[in-house]
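# Report on the structure
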Amino acid sequence: MIPKNLAFVLAALLLFGLLSAAAGPKAGPSTDTAPDAAPEPLANAAPAAEVTPLATPAPVAAPAAVVPQAAQGGSVKVLDTTAAITDPNWFRQAYAEGFRLYVMHSTVWGTCTPWQQTQAQLKMALDAGLKIAVYTRDASCWEGGIKAAGPYVSQLQFFALDVEPGGSVVTRAMVDGVRSLGVRPVIYSGSGMWPGLMNNSSAFSDVPLWDTDTSNLDYTTWTANYLAPTPAQYGGWNTAGTMRVGVQQKFEHTLNGINVDLNSFNASFLK
């Protein structure tokens with residue numbers, strides 16, 4: 001057996017050893033979970049401060065508005081009709097609606113005889129502020145058509161020589177005859193009529209053209225423009241130097257109870 005004192009000494013030494021072992025470093029790795037380490041930087045990556053920011057795109061300008069071709073000298077609304085009109089208020093109302101020229105058929109239909117109502121209707125138009133002009137369905141009736149205007153001949157803007165199916169072909173004698181009476185001649189025709197009736201002759205391109213190109217025109221939004229629809233070249237007309245002076249744009253429009261055709265004319269052509 002170990003002596004009692006020695007046993008106490010050994011017990012003390014054993015206890016000291018055990019306490020020292022508990023206070024010493026651990027031999028194995030820690031079982032605690034470490035915080036996630038930061039990722040390794042990418043090879044050859046530029047420092048964050050040196051990264052060039054993306055350029056802010058420049059604002060894209062809106063496309064310029066398309067400006068329609070302006071009618072040189074401006075345009076005016078014009079009406080032509082063969083109708084008998086007896087109410088002076090009708091002409092005043094037409095003027096109030098923007099019309100500035102009244103063109104009437106001035107002979108008895110189908111003849112060269114002056115129509116008895118011509119002068120009365122021309123006077124009502126003039127009294128309402130409208131300008132006036134006349135035509136005949138048969139161009140060969142030019143003399144009777146002009147003389148039908150009587151005292152208003154000097155106020156005629158023009159006489160229209162009508163070239164369309166069922167009428168006469170126009171001649172230089174007709175053009176000269178109209179001028180001999182102190183009235184300006186114009187030729188009324190269209191790209192669908194003149195080439196066939198006159199072999200697309202350009203011999204009359206010195207005479208102002210009253211063209212025709214009709215469509216479904218909306219009267220409520222109609223704005224006069226003698227360059228609309230786009231002019232088609234024929235007979236030597238509708239070039240830079242021979243542009244039409246007017247265009248018929250709609251047939252048989254009912255204007256305050258009267259059937260008329262709607263037209264636009266170059267305002268600068270009218271006197």
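Calculation notes
- Residues numbered from 1 in each chain as written.
- Predicted model: local features only at pLDDT ≥ 70, side-chain atom pairs only at ≥ 80, totals over all residues.
- Heavy atoms only, no water.
- Pairing = 2+ DSSP bridges.
- Helix = DSSP H or I, 4+ residues; strand = E, 2+ residues; numbered from the N terminus.
- Axes fitted to C-alpha atoms, helices over the stretch in contact; angles between N-to-C directions.
- Contact = heavy atoms within 4.5 Å.
- Buried < 20%, exposed > 50% of the residue type's maximum accessible area, 1.4 Å probe, protein only.
- Phe/Tyr/Trp six-rings, centres within 6.5 Å; stacked < 30°, edge-to-face > 60°.
- Lys NZ or Arg CZ within 6 Å of the ring centre and 35° of its normal.

### Section: the sheet that holds strand E5 (residues 185–188)
Pairing between the strands of a sheet is mediated by backbone hydrogen bonds and can be parallel or antiparallel. An order of E1-E2-E3-E4-E5-E6-E7-E8 is seen for the eight strands of this closed barrel, with the pairing classed as mixed. Averaged over all pairs of adjacent strands, the angle between their axes in this sheet comes to 30°, without regard to strand direction. Looking at chain direction, strand E3 (residues 131–136) and strand E4 (residues 156–162) are connected through four bridges and run parallel. By the bridge assignment, isoleucine 132 is partnered in E4 with leucine 156. The sheet strands contacting helix H2 (residues 88–96) are strand E1 (75–81), strand E2 (99–105), strand E7 (246–255) and strand E8 (258–266), and the helix crosses E2 at an angle near 135°. Helix H3 (residues 118–127) contacts E2 and E3 of the sheet and is inclined by roughly 180° relative to E2.

### Some thoughts on unusual backbone geometry
Here the bond from alanine 228 into proline 229 is cis, since omega is -10°, no more than 30 degrees from zero. Here proline 229 lies in the loop between strand E6 (209–212) and E7. Positioned with a positive phi, asparagine 199 is a non-glycine residue whose angle comes to about 55°. With phi around 55°, asparagine 200 is a residue other than glycine that occupies positive phi space. Judged by relative accessible area, which is 36%, asparagine 200 ranks as partly exposed.

### Some details on the packing of aromatic side chains
Here the structure, examined in full by the defined rule, presents 13 aromatic pairs. Where tryptophan 90 meets phenylalanine 91, the ring centres are 5.2 Å apart and the plane angle is 85°; that geometry is what we call edge-to-face. As far as the burial class goes, tryptophan 90 and phenylalanine 91 line up, both buried. Seen from their ring centres, phenylalanine 99 and tryptophan 222 are 5.9 Å apart, and the 50° between their planes marks the pair as tilted. In this pair, phenylalanine 99 is assigned in strand E2 and tryptophan 222 in the loop between E6 and E7, connecting sequence segments 123 residues apart. Of the two residues, phenylalanine 99 and tryptophan 222, neither departs from the other in class, the shared state being buried. Members of the aromatic cluster, each reached through a chain of ring pairs, are Phe158, Tyr188, Trp210, Phe265 and Phe269. The ring of tyrosine 219 carries the charged tip of lysine 77 above its face, separated from the ring centre by 5.7 Å. Here arginine 184 stacks its cationic end above the ring of phenylalanine 269, 4.0 Å away from the centre of that ring.

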